[in-house]
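# Inside the fold
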Amino acid sequence: MKRQPYPKFEAQDGKRWWQSLRELEGSPELQAELLREFPDGAAEPPDGVSRRTFFRLAGATFAMAGIAACRRPDERILPYTKSPEEVVPGNPLYFATAIPWNGTAVGVLVESHEGRPTKIEGNPRHPESQGATNTFVQAEVLNLWDPDRSDAPAEKGTTREWDAATAALVALGRRARQTSGQGLAILTEAHRSPTTARMLAKVKEAMPNAQIYRYDPWARDHARVGAQLAFGKRLETVYDVSKARTVVALDADFLTHDAAGAVRHARGLAAGRSRLAPSEMVRLYAVESTFSVTGAMADHRVRLPARQVPAFTYALARALGVAGAPDAPLPDAAARAVAAIAKDLLQNKGKGVVIAGDKQPPAVHAFAQLINLALGNVGETVSYVQCFDDAVDGPRGIAALGKAMDAGQVLTLLILGGNPVYDAPADSGFADALSRVEAIVHLSQHRDETSNAAHWHIPRAHVLESWSDVRAQDGTVSVVQPLIAPLYMGRTDAELLSIFLGAPEKGYDLVRATLKQDGAADFEKAWRRALHDGLWAHSEYPRVDVSENRGQLAAAANDALPQGTGVELTFTPDPHAWDGRFANNAWMQELPDAMAKLTWGNVAMISPATAKRLGVVDRTESRYFVSDMIDLGENVIIPVLIAPGQADDSIALTFGQGRRGGRVGDAVGVSVARLRTTNAFFIGAAPKIVKVPGAKDRLARTQEHFQMEHRAPVREGTMADYAKDPTSARKPPEVEHRLPLISLWELGEPQWEYKGRKWALAIDLNTCTGCNACVIACVAENNILQVGAEGVRMSREMQWIRVDRYYEGPPENPRSVTQPMTCQQCENAPCEQVCPVAATNHSPEGLNDMAYNRCIGTKYCLNNCPFKVRRFNYFNYMKGEPNNAETRKAQFNPDVTIRYRGVMEKCTYCVQRINAAKIAAHRSGTEEIKDGTIMTSCQQACPPQAITFGDLNDPKSKVARLKADARSYVLLEEINVRPRTTYLARIHNPNPEMA
């Protein structure tokens, strides 16, 4: 559109000038220009939360702020006219809370900017997190600001006021009390909240005929029932991997999301791998069907279908003298592995640990615990505590509820969280039976599949806007305190139950009432200490002594052996969506999974031999990665991915995709829910496997080539070689030609001397698991945008950290190593030499800086970067739904520039954190920054502490010591770029008897 010229000012005729101005004011051209500059709705997000409401809510957060890491219980939503003294605009505050996660609780510290939670870090005081986090915990902050969250109650799909919803709940509760709870059923998730448990007990007391059910799509019943088979009572098993010398994982990916306590386990294994002595370094064995993070870290990996793991476990038990294990055939390679592993465990009595995975049957867990008991590991590397409760979390409970509803025994159903219509076993009949219930109330953060089937949908408060509590696996209680007032007036589980009982209470009062039962001498002091520290003092469970009490173990062991032949299906949580609750989280959807580097979807992972038999392939076509599709029955058609190390006749499926409930997650992936049944909840048989003729899918992967091609970016060696020569592992591969290390920039010029600080990063490949916690932490800290599935397919992903995965050996059973790749902050940076506008320059402290407002997007620097770690913004990814919602923007870190299209961006070593520390040191008058004061976001999130940041000019700093370590090396040293990031070579500890 051609701009309308402004009228020329006529000094002699003011009347004419004003008339022309009025004509211009009403012209369509000017209105179009105004709309272009200030579009409709710019002041209000589409979800109806006005800017005034947002700041009013933020003001409530300030009004509730007390001492550091504490909150006042003030519930009034009022703006403040005088800022609380601890709130300084521009300076973040940190509050301790906890996030329930997969059978435990992760203690966290949440960063808040003027009432906006923006970043989650681990709480160093908490026994589960120990200062670190995992990918899903990091992503919870984006779930808080999800613009697709439910913002109001709804009755049969029609939005209602809160008063109407409250009145309906009270009326349902009154009716239930009149019949003593006859016809009332409550379905909860596998929660670990003492307050929710107390409120459920109050419901049971007031309505004794009510039935309470629990269900979790990744239930951990097998471990607890296994303890009952072995010891006669249900117990929670707590592992201390840090003390172990030999670790055996039986289909247990205990280092990532597949197991409770994964953050703690990763920290413990890192401690064992840091003991670089032949008699001290941990040795890890993994027995599994699908290549996992734990399998990649293992010194020996035994490839075995999941249904054969019971036979392997029984053979290991017999070899270690544990009686009662049935005999079952094993492949020769697996039988040889049993003998070697048993000998290793016997040589390290009291220093070993055998861990069974959650999807293995209870008998496998029972024999794993009996092995630990027989070897003297109990009390050293393994301990037992009481269960949070004796409820059944798995498919049996929800199947029983489905039968009760189908029989007309349920008149009122309260569903506290979860999405059972989507994730209940296919044969439970749950979804169909809902139509026979008179009143259904669903508490949920989204209007999902279950909400659509309910009569009443109630918005659920997010964990970062809730007063609640939670127990970790070892029993430690944490107070869940809000960082912000509920954006949409959501309710917690306990608050909803209090309304149902007719005595509505705030979550704050409910939690305090629960903790007062602890009997603390000075409750208020203990309460404030708990808010500050993030945990209730001395609340962990006492250790329970155990002894053999096998009861029904023999029958359970025989039942666990495989029945029949054919191709098995295994189900694991989706690394992007978990059980579906993160399906609308763009951070997680675009985060590459640790092994296949797949984003935005799910696949059926099969072995090369199985793929050949089925006649399916995956390959690159027209620069896209394309895979064939297979039909698994029950109308489940899914793309295949030929996965290295996958067991033959075993298909690995992830569950959690293909669901509804938000604009990000809609139409992403394939739902495999119809293949999960009560008896095939984790492991089952495929109804059928047929290649779909002509059907293909384009997968969004961030890495498609997984070989090092003899260049060895990851350098590795064995423990035996390291003991002889500590430098052996870091030595580069032999190359034909080595040129002199000459820089054209330095001919005739002296090299730059870093007389002040000299920032550097060190990454220990011996402890890095490749879990991706660093990637998601960098995304959250640095306002990195998501490009969507098509952007990833075109190699336009924006993440500043790339975790490379490499395989070595035959595709059927290779080894695997991993390497985080960030900007190397080269001292002789190739990117700086080619930028035509000097947008990228070197700082006096050794950082490769980017001037975004100078960059013109030539991409010369990207082309000249040998590490390919620079990212180009092709589009304004904040434009369009759902990312343009104001609630989504509220998550951004105000200390980091928001980048738009046309500029290059990359890792900065979190320069904003460096500058904050320098300003604080300057204000203190010392100018000294102690080692460890500055932590990059990737370093702070890393569970095994594989990343170290610091000043190389400080000889006492940890990064300087690691730089001088015998395993330290830099990448591409032969081209003289002189990276500031160094790596420490990986050391394997193989068993000589399994060479």
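Structure shown above.
Presented here is an overview of the structure given in this document. Model, not experiment: these values are computed from the prediction.

For the protein chain, the count of helices and strands is 31 helices and 39 strands. For the protein chain, the proportion of contacts with a sequence separation of at least 24, taken over those separated by at least 6, is 74%. Carbon and sulfur atoms make up 51% of the accessible area of the protein chain, which totals about 40400 Å².

Let us now look at the side chain of Ser289. As for its position among the elements, Ser289 is in the loop between β10 (283-288) and α9 (293-297). Residue Ser289 is classed as buried on the basis of its relative accessible area of 2%. In this view, Ser289 contacts Asp251, Arg301, Leu304, Pro305, Ala306, Glu568, Thr570, Gly645, Gln646, Ala647 and Ser650; residues no more than four positions away in its chain are not counted.

On to helix α11 (residues 332-347). Here α11 is 16 residues long and its end C-alpha atoms lie 23 Å apart, about the 22 Å a rise of 1.5 Å per residue gives. For α11, the complete set of buried residues consists of Ala334, Ala337, Val338, Ala340, Ile341, Ala342, Asp344 and Leu345.

A few words now on the packing of aromatic side chains. Tallied over the full model, the rule gives 23 aromatic pairs. Three or more aromatic residues link up through ring pairs in this structure, and these residues are Tyr215, Trp218, Tyr422, Phe655, Phe681 and Phe682. Across the ring face of Phe625, the terminal group of Arg701 is positioned such that the distance to the ring centre comes to 4.6 Å.

Time to look at the sheet that holds strand β12 (residues 352-356). Strand order in the open sheet made by the four strands is β11-β10-β9-β12, with parallel pairing throughout. Two strands bound the open sheet, and with one partner strand each, they are β11 (300-303) and β12. The average angle at which neighbouring strand axes cross in this sheet is 10°, direction not considered. The pairing of strand β9 (residues 246-250) with β10 spans five bridges and is parallel. Within β10, the position partnered with Leu250 by the bridge is Val287. Of the strands in this sheet, β9, β10 and β11 are in contact with helix α10 (residues 309-319), which crosses β9 at around 145°. Most of the contacts of α11 go to β9, to which it runs at about 145°, and overall it touches β9, β10, β11 and β12.

Ranked by size, the top nonpolar core spans 143 residues in total, and within it Leu401, Met405, Leu413, Phe430 and Leu653 carry the most contacts. With residues up to four places along the chain from it excluded, the contact list for Leu413 reads Ala185, Leu187, Leu401, Met405, Phe430, Leu434, Val437, Ala439, Ile440 and Val441. Ala249, Ala252, Ala259 and Met595 belong to the second-largest nonpolar core, a separate cluster that totals 71 residues.

Here Val392 is to be found in the loop between β13 (382-386) and α13 (395-406). You can call Val392 partly exposed: its relative accessible area is 35%. Residues Val392 and Ala190 lie 202 residues apart in sequence; the distance between their C-alpha atoms is 8.7 Å. Once residues lying within four places of it in the same chain are set aside, the contact partners of Val392 are Arg214, Asp221 and Arg234.

This part is about the pairing of strand β23 (residues 624-631). Most of β23 is tucked away: eight of the eight residues are buried. Across four bridges, strand β22 (residues 618-621) lies against β23 in antiparallel orientation. Bridge pairing in β23 places Arg619 opposite Val626. In this structure, the hairpin formed by β22 and β23 is closed by a connection of two residues, where Ser622 is found at a positive phi of approximately 50°. Two successive antiparallel strands, β23 and strand β24 (residues 637-642), enclose a turn made up of five residues, where Gly633 displays a positive phi of approximately 90°.

For strand β3 (residues 116-122), a buried count of seven out of seven residues is recorded, marking the element as mostly surrounded by other parts of the structure. From the end of strand β2 (residues 104-113) to the start of β3, which pair antiparallel, there are two residues, and Glu114 there has a positive phi angle of about 50°.

Moving on, we come to the side chain of Gln138. Locating Gln138 in the fold gives a position in helix α4 (residues 135-144). In this view, Gln138 contacts Lys119, Ile120, Glu121, Thr133, Trp587, Ile776, Ala777, Ala780 and Ala941; residues no more than four positions away in its chain are not counted.

Glancing now at the sheet that holds strand β1 (residues 93-101). The strand order across the open sheet formed by three strands is β1-β2-β3, and the pairing between neighbours is antiparallel. A strand with exactly one partner marks an edge of an open sheet, and here the two such strands are β1 and β3. Direction aside, the axes of adjacent strands within the sheet are offset by 35° on average. Judged from the nine bridges that link them, β1 and β2 form a sheet pairing that is antiparallel. Bridge pairing links Tyr94 to Glu111 in β2.

Mapping Pro208 onto the fold places it in the loop between α6 (194-206) and β7 (211-214). For Pro208, a relative accessible area of 45% corresponds to the partly exposed category. Residues Pro208 and Leu184, 24 residues apart in the sequence, show an inter-C-alpha distance of 9.9 Å.

One pass over the full model with this rule turns up 55 salt bridges. Between Asp221 and Arg224 there is a salt bridge, and its shortest N-O distance comes to 3.2 Å. Of the two residues, Asp221 and Arg224 are both situated in helix α7 (residues 221-231); the distance of three residues between them amounts to about one turn of the helix. Taking the relative accessible area as the measure of exposure, Asp221 reaches 9% and is therefore buried. Note that Arg715 and Glu973 form a salt bridge whose closest N and O atoms lie 3.6 Å from each other. Placement of the pair is Arg715 in the loop between β27 (690-701) and β28 (716-718) and Glu973 in the loop between β37 (968-969) and β38 (981-984), with a sequence separation of 258 residues.

The rules behind the values
Residues numbered from 1 in each chain as written. Predicted model: local features only at pLDDT ≥ 70, side-chain atom pairs only at ≥ 80, totals over all residues. Heavy atoms only, no water. Helix = DSSP H or I, 4+ residues; strand = E, 2+ residues; numbered from the N terminus. Contact = heavy atoms within 4.5 Å. Areas by Shrake-Rupley, 256 points an atom, 1.4 Å probe, with all protein chains shown as cover. Buried < 20%, exposed > 50% of the residue type's maximum accessible area, 1.4 Å probe, protein only. Expected span 1.5 Å × (residues − 1). Phe/Tyr/Trp six-rings, centres within 6.5 Å; stacked < 30°, edge-to-face > 60°. Lys NZ or Arg CZ within 6 Å of the ring centre and 35° of its normal. Pairing = 2+ DSSP bridges. Axes fitted to C-alpha atoms, helices over the stretch in contact; angles between N-to-C directions. Core = buried A, V, L, I, M, F, W, Y, C linked by side-chain atoms within 4.5 Å. Salt bridge = Lys/Arg side-chain N within 4 Å of Asp/Glu carboxyl O.

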